[in-house]
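Chain by chain, the residues:
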Amino acid sequence: MKRVLVAGVGNVFLGDDAFGVKVVRALLRRPPLPNVTVRDFGIRGLDLAHTLVDGFDALLLVDTVQRGHAPGTLSVLEPDFASDEPTPDLLGPSHGVDPCRVFALVQALGGTVPKARLVGCEPLGFGSDAEPMLDLSAPVRGAVARAVPLVEQIALELSAGLAPVHAQGGV
């Protein structure tokens, strides 16, 4: 069995950007999965990097993604955040967790970059500095309930060493 970290990231003061945080908070209310650690990292990229240095075999990142789909659409991606190639702008507004920087820090601290998957949700809105959006939009709120069993399934597949079957598709 492989050790898997499910990391919810996002800013709870930026509306739909809180998707990843809301999903992991829902997961934490469910029975734990074997060999799977679930954590709410919010906007703490440095904390995520230090946690990854502890030696996980796989990372399942849960966040918003902007891919041009309808709001609330879930996507499972296999991004290569550790490559030297520029990563497409998959994530929502700048919320303090840049996976490329997190992985570079993991390597600088002597850790190994794990295999990564991303479960993302297409956002509807983030609010603004002038008008913060403190709740998820209706389509993203509905996507949280659909994302929980999906994240559990992928985490179990990763911990068993299997390739998730949903990679690159919208759900």
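Rules used throughout
- Throughout, residues of each chain are indexed from 1 in the direction in which the sequence is written.
- Two thresholds apply to this predicted model, a pLDDT of at least 70 for residue-level local features and 80 or more for giving and counting side-chain atom pairs, whereas whole-chain, interface and lining totals are computed over all residues.
- In computing side-chain values, all of the structure's heavy atoms are included and hydrogens and water are not.
- Strands here mean DSSP runs of E at least two residues long; helices mean DSSP runs of H or I at least four residues long; both are numbered from the N terminus.
- Using a 1.4 Å probe, accessible areas were evaluated by the Shrake-Rupley method; residue-level cover was limited to the displayed protein chains.
- Only protein chains enter the accessibility calculation, which uses a 1.4 Å probe; a residue is then buried when its area is under 20% of its type maximum, exposed when over 50%, and partly exposed in between.
- Pairing between strands is defined by DSSP: at least two bridges between them are needed.
- Here a salt bridge means any side-chain nitrogen of Lys or Arg lying within 4 Å of a carboxyl oxygen belonging to Asp or Glu.
- For this analysis, a nonpolar core means a set of buried residues of the types Ala, Val, Leu, Ile, Met, Phe, Trp, Tyr and Cys, connected via side-chain atoms within 4.5 Å.
- Note on contacts: a residue pair is in contact if any heavy atoms of the two residues lie within 4.5 Å.
- pLDDT is a per-residue confidence score from the predictor, ranging from 0 to 100.
- Pairing of aromatic rings covers Phe, Tyr and Trp, the last through its six-membered ring, and needs centres within 6.5 Å; plane angles under 30 degrees mean stacked, over 60 mean edge-to-face, and all others mean tilted.
- Put simply, a charge is over a ring when the Lys NZ or the Arg CZ is close to the ring centre, within 6 Å, and near the line of the ring normal, within 35 degrees.
- Within 3.5 Å is the distance limit for a polar contact, defined as a pair of N or O atoms, with the added protein rule that one can donate a hydrogen and the other accept it, and that residues adjacent in sequence qualify only through two side-chain atoms.
- As a rule, the C-alpha atoms of each element are fitted with a line to give its axis, helices using only the stretch in contact, and angles between N-to-C directions run from 0 to 180 degrees.
- To sort the angles, those under 35 degrees are grouped as roughly parallel, those over 145 as roughly antiparallel, those from 65 to 115 as roughly perpendicular, and the leftovers as oblique.
- The sense of a crossing depends on the near helix, which, turned anticlockwise from the far helix by less than a right angle, makes the crossing left-handed and, turned clockwise, makes it right-handed.

Thoughts on the overall build of the protein chain
Alright, step 1. Looking only at helices and strands, the protein chain has four helices and six strands in total.
Alright, step 2. When the elements of the protein chain are put in sequence order from the N terminus, they spell out β-α-β-α-β-β-α-β-α-β.
Alright, step 3. Summing over all exposed atoms, the protein chain offers an accessible surface of approximately 8,000 Å²; the carbon and sulfur share of this is 54%.

Structural notes on the pairing of strand β5 (residues 115–121)
Remember that side chains alternate between the two faces of the sheet whenever the strand is regular.
Alright, step 1. Burial runs high along β5: six of the seven residues are buried.
Alright, step 2. Looking at chain direction, strand β3 (residues 58–64) and β5 are connected through seven bridges and run parallel. By the bridge assignment for β5, Leu 60 is matched with Arg 117.
Alright, step 3. Both strand β4 (residues 74–77) and β5 contribute to a ladder of four bridges, which runs antiparallel. Bridge pairing in β5 places Leu 74 opposite Cys 121.

Some thoughts on the pattern of salt bridges
Alright, step 1. Tallied over the full model, the rule gives four salt bridges.
Alright, step 2. When the shortest N-O distance is used, the salt bridge between Arg 30 and Glu 152 registers 2.8 Å. Of this pair, Arg 30 sits in the loop between α1 (19–28) and β2 (36–42) while Glu 152 sits in helix α4 (residues 138–159), and the two are 122 residues apart along the sequence.
Alright, step 3. For Glu 152, a relative accessible area of 12% translates into the label buried.

Section: the nonpolar core
Alright, step 1. Core analysis: the largest hydrophobic core is formed by 27 residues, its most contacted members being Val 6, Phe 19, Val 23, Leu 60 and Val 151.
Alright, step 2. Among the elements of the structure, β1 (4–9), α1, β3, β4, β5 and α4 are those that each provide at least two residues to this core.
Alright, step 3. Tallying contributions element by element places α4 first for this core, with 10 residues.
Alright, step 4. Excluding anything up to four places from it in sequence, Phe 19 contacts Val 62, Asp 63, Thr 64, Leu 74, Val 119, Gly 120, Cys 121, Leu 136, Val 140, Ala 143, Val 144 and Ala 147.

Things to note about the confidence of the model for the protein chain
Alright, step 1. The predicted model of the protein chain has a mean per-residue pLDDT of 83, with 83% of residues at 70 or higher.
Alright, step 2. Segment residues 86–93 is flagged for pLDDT under 50; beyond a separation of four residues in sequence, or across chains, it makes 25 contacts in the model.

A few points about the packing of aromatic side chains
Alright, step 1. Under the criterion given, the structure shown has zero aromatic pairs.
Alright, step 2. It is Arg 3 that lies over the ring of Phe 56; its NZ or CZ is 4.2 Å from the centre.

A few points about the side chain of Asp 40
Alright, step 1. Mapped onto the secondary structure, Asp 40 falls in strand β2.
Alright, step 2. In terms of polar contacts, Asp 40 uses its side chain to reach the side chain of Arg 25, at 3.1 Å.

Describing the packing of α1 against α4
Alright, step 1. The contact between α1 and α4 brings their axes to 9 Å, and the two run at 55 degrees. Considering the angle they form, α1 stands oblique to α4. When the axes of α1 and α4 are compared, the crossing they make is right-handed. Between α1 and α4, the residues in contact are Phe 19, Lys 22, Val 23, Ala 26 and Leu 27 and Val 140, Ala 143, Val 144, Ala 147, Val 148, Val 151 and Glu 152, respectively.

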